[in-house]
Every structure is written in structure tokens, then in C-alpha cells.
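# Descriptive analysis of the structure
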Amino acid sequence: WRWMLMTVFLLFLFYLFIYIFKDFQELTHQFPNFIIILADDIGWGDLDANQAEQKTNNTPYLNVMAQQGLRLTDFHSPASTCSPSRAAILTGRYGLRNGVTHNFGVNSVAGLPLSEVTFPQLLQKAGYYTAMIGKWHLGHNGAYGPTNRGFDYYLGIPYSNDMGCTDIPGYNVPPCLPLKRRAHGGCYSKMGLPLIENNTVVEQPLNLWTLTEKYISAALRIIHNARERGKPYLLYFAPAHMHVPLAPPLTDSTDSAYAASLRELDSLVGAVKTASDETDGDNSLIWFTGDNGPWEQKCQYAGSVGPFRGTWQTSKGGGSAKRTTWEGGHRVPTVAYWPGRIPANTTSSALLSGMDIFATVLSLAGVEPPTDRRYDGFDASNILLHQEQRGREFLFHPNSGASGKFGDLQTARTGKHKAFYITGAAEACGGGTGQQQLHDPPLIFDLDHDQAEDTPLEVDTPEYQDVAERIARRREELLWDIASDQSVSTADYSTDSSAAPCCDPTQPMCRCHTLR
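First, a word on what this report is: a plain description of the structure on this page. As the structure is a prediction and not an experimental result, all values here were calculated from the model.

## Quick word on the pattern of salt bridges
Enumeration according to the criterion identifies 24 salt bridges in this entry. For arginine 331, the salt bridge goes to aspartate 74, with nearest N and O atoms at 3.3 Å. A residue pair is termed long-range when its members are at least 10 positions apart, and arginine 331 in the loop between helix H10 (327-330) and strand E10 (334-337) and aspartate 74 in the loop between strand E2 (70-72) and strand E3 (75-76) qualify at 257 residues. You can call aspartate 74 buried: its relative accessible area is 7%. Residue arginine 97 is joined to aspartate 376 by a salt bridge in which the shortest nitrogen-to-oxygen separation is 2.9 Å. Placement of arginine 97 in helix H4 (residues 95-98) and of aspartate 376 in the loop between helix H11 (356-365) and helix H12 (381-386) is noted, with a sequence separation of 279 residues between them. In this structure arginine 97 comes out as buried when scored by relative accessible area, which is 1%.

## Let's talk about the nonpolar core
Core analysis: the biggest nonpolar cluster contains 51 residues, and Leu235 and Phe237 have the highest contact counts within it. The residues touching leucine 235, leaving out its near neighbours within four places in the chain, are Phe34, Ile35, Ile36, Ala131, Ile133, Ala219, Ile222 and Ile223. Counting 47 residues, the second-largest nonpolar core is a separate cluster that includes Leu38, Tyr128, Leu285 and Leu364.

## Overview of helix H3 (residues 82-91)
The buried fraction of H3 is high, at ten of ten residues. Buried within H3 we find Cys82, Ser83, Pro84, Ser85, Arg86, Ala87, Ala88, Ile89, Leu90 and Thr91. Just beyond H3, the residue with positive phi is glycine 92, at close to 70°.

## Digging into the state of the cysteines
According to the stated counting rule, one finds three disulfides in the structure shown. Across the disulfide from cysteine 299 sits cysteine 429; the S-S distance is 2.1 Å. In this structure, the disulfide formed by cysteine 299 and cysteine 429 twists by about 110° around the S-S bond and is classed as right-handed. In this pair, cysteine 299 is assigned in the loop between strand E9 (284-290) and helix H9 (311-314) and cysteine 429 in the loop between strand E15 (417-423) and strand E16 (437-446), connecting sequence segments 130 residues apart. The class for cysteine 299 is partly exposed, based on a relative accessible area of 23%.

Definitions and limits used
Sequence order as written defines residue numbering, which begins from 1 separately in each chain. Per-residue local features are limited, in this predicted model, to residues with pLDDT of at least 70; the limit for side-chain atom pairs, both in listing and counting, is 80 or more; totals at the level of whole chains, interfaces and linings are taken over all residues. The side-chain figures draw on all heavy atoms in the structure; neither hydrogens nor water molecules are used. Each salt bridge in this description consists of a side-chain nitrogen of Lys or Arg and a carboxyl oxygen of Asp or Glu lying within 4 Å of one another. Here a strand is any run of E in DSSP of at least two residues, a helix any run of H or I of at least four, and the numbering for each starts at the N terminus. Classification of residues uses two cut-offs on accessible area relative to the type maximum, computed with a 1.4 Å probe and protein chains only: under 20% is buried, over 50% is exposed, and between them is partly exposed. Residues enter a nonpolar core if they are buried and are Ala, Val, Leu, Ile, Met, Phe, Trp, Tyr or Cys, with the set joined through side-chain atoms within 4.5 Å. Note on definitions: a residue-residue contact is assigned when non-hydrogen atoms from the two residues lie within 4.5 Å. In what follows, a disulfide is any cysteine sulfur pair within 2.5 Å.

Put into C-alpha cells, the structure is as follows:
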């Protein structure tokens, strides 16, 4: 009987161990790692996998990630310009709620309102190590910087890579001159572009041509040190390569500075993916997307919108990409990758927005958002993990600097239909802007049959009438909901020259090299 008791006891210990180990595994998988990569000014057509018939080879690493993961073909940035898009991604709220409706500048005193809660803050409170690398553009002064908005570590530039002068500028239209020479109105010439680590300017003006190397080094360190920290991590990586191209073209006469920069961005993605795969890949979600479409007025230094050309607008003059609510302004290349969790080589045409990152990441982490505010995000977990194809029923695109008042929701999408209440006034390559036009009744396009947004539906058709009625009703409901929302924030857009980041005010252009 002693041997029997011993056997029972050992079996008890064995099953207890299995139970504890299983429970530990489940606990671990409730807290996955997140790597969110947000490219700047990238076009839907810049991802090779989105236009396989073009047979380009500018994004080989992203192509592999798409083959091993999920390509989202109807994914949209929350706005068509930098600050509003980034604010909506981090808060899961339209700009009319979070207060950020247009860009912050070099001399901005404030940024994303302090009343707003970001998903990095919530993950940080839940025990995550949180880090950001790259372009912030949501306020750099005092409490508005990244390390006060949910990030344990930050390395990057506080705004766009053309919002400060450098010794060797990137490619631009019109071209920016080196720091030592005064530039024209198209370039920022009063302040050197700073590189900031946590809350300190470590290099000013920074060397744009070594920035990728610095970013990759920091990202790999964060990923490889994850196990030593003993906690899950969030890496928010926001490279600005495509805003102003930063890689020299190859000697091949058919190459371009933009294509070279796209390949450099792609190699950065590849380095991050490899590091993740080698460490804790089966418990890490990598989500690549863009903050808005290409900057069309930059001509040869702008990306590709693919088939989403907005020809109704371009035929009348003006741009149809960044700053507009045409598809080229907000439909962005998007890939989600999670070995063993996201089915490989899959594609989804579910209608989604960058605002949905907030709800999805928190859901996967098992973290509840505060209940004292209203959100506009959609939990896309089932689309990512279980191949569900049903996305948003409605998505509104805010005015982003072309026509209309900043942030107003005057373009709407439901299913295959898209309605415009206002168009025009965005600059195209060559300088044309097209006239601002209000549309009552709205222009409505069928995107399934007219990706180029060329010919609107006839107003007197039953199809038009049904769509117009549903969109008008939903738009009225949303605007009423926002107007009655007690959690709506208001951003402070005031400026002061003393708010500009400067490592040494006694030096012209705030010059200080190799402090890092």
C-alpha cells in the first residue's frame, strides 16, 4: 500500500505540474507581443503583392510576410494626413472626438490632448514594456512627448523628416538646400532636424542617411532583450522613409529615389520580422500599415495609389491622394503576420480602419479600455485569426487639409459604395488644385466596379437612393453621438518659437552632433 500511495502521490504531482504548465502557457498567450509598423505616406500600390501583375520587386520582405500571413486589401488610414491619422490609431477615436484634426508643427506648444488615453498607456499599465521608434508628430513639448503618452522608451524624430534642415537633405519637390544655406518657402530652414532619445535631443541636425541603421539597431535591441525583461512588449515603429525619400537610387537608369527608399523601408521590416521570428515569433503579432496615402504633389518622389486614381477629381484638376478623401488618400497597404495564429497566404477584403488597431490589440491582450469615453474602433480579431470577412458596416473619412473644415466627416463608405459631400482643393503634381465643390446630393461611387472613382451613380436610380438614405441617416447619428459625447477633447494648436526642440540655443540652427 505504501507503493500505491507513492504512485498516487507522484501522479498527483505530475498532473499538478501539467495543470500549472498549461495554465502558464494560457497566461503567456493572453499577453502576446505587438509590433505595429506604421509607414509614412505610402501608397496602396507600393506593396508588390497588391499589384502582382506589375512584377516589381521593391518589397520582397513584405511580400514574404504577406505570403506567411494576411493581406488586408480594404484597409484605410483614419485620416489622410499625419497627426490626425496617428492620433486616431493610438486612441481608437475620430479626430472630432480626440481633438486632433490637423498637423502639429515645429513650434507647437501642445499635442494630442492629455485627456486622451492611448492603447500603449493601457498596455503599459497591464505590465507591457512599451517602446516607440520613429516619427511621433503628436506633440514634442513637455508632457506631450512619447514617454509621457505610454512609452517606456523612445528614439526618433518628433515630426516629419522635412520639418527641419539637415546638412544633406533628402529628395524633395521643390528641393531643400543644405543647412548652411537658406531655403525657400517649401522647406523648414530655421531649425536643425533633431533626433530625440526619450526626452533628450541627442543629435541636431541628425544625419538622415544613417537613420535607418540607428532605428534597426534600437528595434533589434528591444526585441532581443524581451526575454530578459520577463514581460510582453509593444514596439510601435513609425519610419518616415516615404515622406521624403531617404535612399539614393541605384545606377540602373530605371531606378528612382522613391523605389530605393521603399526597398530600404522593406529591409527594415525584414530585419524586425527576422528578429521576432528568432525570439518569440509564435507569440508576436506584426501589423504593417500606413498613416495615409502618397504625397502626390511630390511628383517622382511620391508613391503609387495603384488602381485608386480618383479620376473624377484628376480630370477636373487637383490631387486625389494625401490630404484628400479619395481612395488614394487613405487606402493603404496592410499586412498582419502571426505564425501559428494568423493563417498563412490569406487575403481579406473586410472594410477596416487604422482606428481598429486600438480595439484589436487590447482585445488580444485581454485589456479593457476605459468606460468613460466612446470609441470608433472595431475589434478585428476574428478577421485576423479566424478568416471572418465581415468588417465595418460604415466608415467615415475626415477632411484632412484639402477641402472643407479640418476633421469634418464629409465622405462616407458603406459596403461597396462611397459618398462624397465635398471634393477638390488638393495640390497635384504640377501645382493644380481643382476647385472645392460641395455636393448635395452627394457623389456616390460603386468601388466594386469603379476603383478609379471615375463615374458616380445616377441620382435617380433606386441603388443611389437607398445608399444615400442609409449614409445620411448613419452620418446624422454619428454626428449627434459626437456632439453629445462628454469625453470629446480639444487640441491646443497654439505655437511659440521656444517650444521647438533645440539642443543648444546658442548655436545657429541648434547644432550639436554626436551627443549619442
